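# Overview (structure and organization)
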Amino acid sequence: MLGARLVQRSIRSTMVQQQRGFLGNMDNSGGNGGFGDDWPVSVSNTILNVCPQGNAIIVERLGKLLEVKQAGWFISIPLLDQLAYVVDMRERAIDIVPQAAITKDNVSVDVSGNVYVQFTDPLKAAYGAKNPLYAVRQHAQSAMRAAIGEMELDEILHGRAQLNTMIRGAVQEAAVNWGLEIKRYEITEIAPDRHIADAMDKQAAAERNRREKVLEAEGEKSKATLMSEGVKIRLTNESEGDLIRVRNEAEASKTRMMLEAEGESEAIILKANAQAAAIEVIAVQLGKTNGEEAAKLALAQSYVEMYGEMGSQSNTMMFSDKPADMQQLMGMATMALSRTVGAGNK
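What comes next concerns the included structure. Quantities reported herein were computed from a predicted structural model and do not represent experimental measurements.

### Some thoughts on the overall build of the protein chain
Looking only at helices and strands, the protein chain has eight helices and eight strands in total. Classification of the 346 residues of the protein chain by burial places 26% in the buried group. Of all intrachain contacts in the protein chain linking residues separated by at least 6 positions in sequence, the fraction that spans at least 24 positions is 66%. Just so you have it, the protein chain exposes about 23,000 Å², and 56% of that area is on carbon and sulfur atoms.

Listed below in structure tokens is the structure:
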């Protein structure tokens, strides 16, 4: 029981001391995921040692690689064994401070970004480079400047994804020997110099003005087109209405004339029938006893009425050379009646 308690106290003390060592190294690292560019990160050998989860510890014996310890506890011999490297296997972000670069079209820009890395091989991380974090930072800066030098400013501003891919590919080729995997590279800010920024602002304002004028011109064009279409439709409708009105008037006039002609035709037929019937009646009456004398008397009466109407409508009067000669008057009436009867018989 006493031995078990001593072991527990030793493990607890070891964990506290190593946690203090980890925190001390993190405080001295200056940020960037807790470690920054400070390398190597090591802890003291307390015989009973603990490797935190997500870390790997490189153990050296008399300055030579002994083994790599993963998460868990292990025992090392003091003075002979040294916990030379503590490698954090988790992904971390390394800040790339703004770097001055010249684009392909000779524009000076300041570009900053973040590179996300993760150690995949603790042995290469420990022995592949003296300081792999510093190396990857410097290589990312130089790769970023080289990539910017191959692109124009407009391409950089509108093609960040392409630029990120180019930088990541360039850094990944070198980072393999350092036990690092470059997860991704992200450009955070692109700042051209003041003169270029002013020119870009003026260009943007001019582009906005141009778009505004284009929109106004398109609006005026659409307005004129719609107005002309409206006038065209109105004139078409009016002409069609006039055509329909003329057609209707022509049809109405045609119908009226046809109806009037039919009416006149029917009136003429009725009048002719009436006259024929009258002549027939007269002819029948003339065949009777004293019919001819009655006809002469009727003709004389009509002759007298005709003279009366002529006298009422005109100052010129027409008289027979023998107005008192009833025999002559009756003869004229008889002659007219004979012609009338002859025409009826024909």
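### Some points on helix α5 (residues 160-175)
Helical geometry: 3.6 residues make up each α-helical turn, so side chains three or four residues apart lie on a common side. Across its 16 residues, α5 extends 22 Å between first and last C-alpha, which sits within 8% of the 22 Å expected from 1.5 Å per residue. Those residues of α5 that sit buried are L163, N164, I167, V171, Q172 and A175. Buried residues of α5, viewed axially, fall in a sector of 160°; they line one side. For α5, the exposed residues lying more than 90 degrees away from the buried face are T165 and E173. On its buried side, α5 packs onto α3 (132-149), α4 (153-158) and β8 (180-192).

### So, the nonpolar core
The biggest cluster of nonpolar side chains holds 40 residues, and the ones touching the most others in it are F119, V136, I148, L163, I167 and Y185. Take this core: its biggest share by element is eight residues, from α3. Aside from chain neighbours lying at most four places away, what touches L163 is A147, I148, M151, I156 and I187. With eight residues, the next largest nonpolar core counts V41, V43, F74 and V86 among its residues.

### As for the pairing of strand β5 (residues 81-88)
Extensive coverage of β5 is indicated by the burial of seven of its eight residues. One ladder, built from seven bridges, connects strand β2 (residues 55-61) with β5; its direction is antiparallel. Pairing of E60 across the sheet is with Q82, part of β5.

### A closer look at the sheet that holds β8
With antiparallel pairing, the three strands of this open sheet are ordered in space as β6-β7-β8. Two strands bound the open sheet, and with one partner strand each, they are β6 (92-102) and β8. Here the strands of the sheet are splayed against their neighbours by 20° on average, with no regard to which way each runs. Sheet contacts for α3: β6, β7 (108-119) and β8; angle to β6, the most-contacted strand, approximately 40°.

### Structural notes on the pairing of β7
Across nine bridges, β6 lies against β7 in antiparallel orientation. Bridging from a neighbouring strand, A100 pairs with D110 of β7. What sits between the antiparallel neighbours β6 and β7 is a turn of five residues, in which N106 has the positive phi angle 60°.

### What to know about a nonpolar patch on the surface
Residues I47, W73 and I75 make up a contiguous nonpolar surface patch of roughly 370 Å² in combined accessible area. Within the secondary structure layout, W73 lies in strand β4 (residues 72-75). Here W73 falls in the exposed class, since its relative accessible area comes to 59%.

### What about the packing of aromatic side chains?
What the rule picks out here adds up to three aromatic pairs. Cluster of aromatic residues (ring-pair linked, three or more members): W39, Y85, F119 and Y127. Lying across the ring of Y116, R184 places its NZ or CZ 4.2 Å from the centre.

### Describing unusual backbone geometry
The phi dihedral of I47 is positive, around 70°, even though this residue is not glycine. Among the secondary structure elements, I47 is positioned in the loop between α1 (2-29) and β1 (48-51). For I47, a relative accessible area of 45% corresponds to the partly exposed category.

### Things to note about the environment of V115
Its place among the elements puts V115 in strand β7. Residues V115 and Q141, 26 residues apart in the sequence, show an inter-C-alpha distance of 9.9 Å. Beyond its immediate stretch of four places on either side in the chain, V115 contacts R92, A93, I94, I96, I182, R184 and Y185.

### Some thoughts on the packing of α3 against α5
In a packed pair of helices, the relevant descriptors are the angle between the two axes and the axis-to-axis distance. α5 packs onto α3 with a crossing angle of 140° between their chain directions and a minimal axis gap of 9 Å. Here α5 runs oblique to α3, going by the angle between their axes. When the axes of α3 and α5 are compared, the crossing they make is right-handed. Contacts between α3 and α5 involve V136, H139, A140, A143, M144, A147 and I148 on the former and, on the latter, L163, M166, I167, A170, V171 and A174. Of the residues in the contact of α3 with α5, the class split is 12 nonpolar, one polar and no charged.

### Comments concerning the pattern of salt bridges
Here the structure, examined in full by the defined rule, presents 11 salt bridges. As a salt-bridge pair, D242 and R245 come within 3.9 Å of each other at their nearest N and O atoms. Taken as a pair, D242 and R245 lie in helix α6 (residues 194-286) at a separation of three residues, close to a single helical turn. The network of salt bridges with shared partners includes E207, R210 and R211.

Rules behind the numbers
Every chain is numbered independently, its residues counted from 1 as its sequence is written. Where local features are concerned, this predicted model is filtered to residues with pLDDT of at least 70; where side-chain atom pairs are given and counted, the filter is 80 or more; whole-chain, interface and lining totals use all residues. The basis for every side-chain value is the complete set of non-hydrogen atoms in the structure, without hydrogens or water. Counting from the N terminus, the helices are the DSSP runs of H or I reaching at least four residues and the strands are the DSSP runs of E reaching at least two. To sort residues, take the accessible area from a 1.4 Å probe on protein chains only and compare it with the maximum for the residue type: under 20% means buried, over 50% means exposed, and anything in between is partly exposed. We call two residues contacting when some pair of their heavy atoms lies within 4.5 Å. Only the protein chains shown count as cover for residues, and the accessible areas themselves come from Shrake-Rupley with a 1.4 Å probe. Every helix has an expected span of 1.5 Å times one less than the residues it contains. Read the arc as the range of directions from the helix axis to the C-beta atoms. Residues enter a nonpolar core if they are buried and are Ala, Val, Leu, Ile, Met, Phe, Trp, Tyr or Cys, with the set joined through side-chain atoms within 4.5 Å. By definition, two strands form a pair when at least two bridges between them are found by DSSP. Axes, fitted as lines to C-alpha atoms, cover a helix only where it is in contact. Angles between the N-to-C directions of the axes lie from 0 to 180 degrees. Patch membership requires more than 30% relative accessible area and the absence of a salt bridge. Residues of like charge join within 9 Å; the nonpolar side chains Val, Leu, Ile, Met, Phe, Trp and Tyr join within 5 Å. A pair is scored as a salt bridge if a Lys or Arg side-chain nitrogen falls within 4 Å of a carboxyl oxygen belonging to Asp or Glu. Whether two aromatic rings pair depends on their centres lying within 6.5 Å, for rings of Phe, Tyr and Trp, where Trp uses its six-membered ring; planes under 30 degrees apart make the pair stacked, over 60 edge-to-face, and the rest tilted. Look at NZ for Lys and CZ for Arg. If either is within 6 Å of the ring centre and within 35 degrees of the ring normal, a charge sits over the ring. By definition in this entry, angles of less than 35 degrees are roughly parallel, angles greater than 145 are roughly antiparallel, angles of 65 to 115 are roughly perpendicular, and the rest are oblique. By convention, the crossing between two helices is left-handed when the near helix turns anticlockwise from the far helix through less than a right angle, and right-handed when the turn is clockwise. We call Asp, Glu, Lys and Arg charged. Ala, Val, Leu, Ile, Met, Phe, Trp, Tyr, Cys and Pro are nonpolar, and the rest, Gly among them, are polar.

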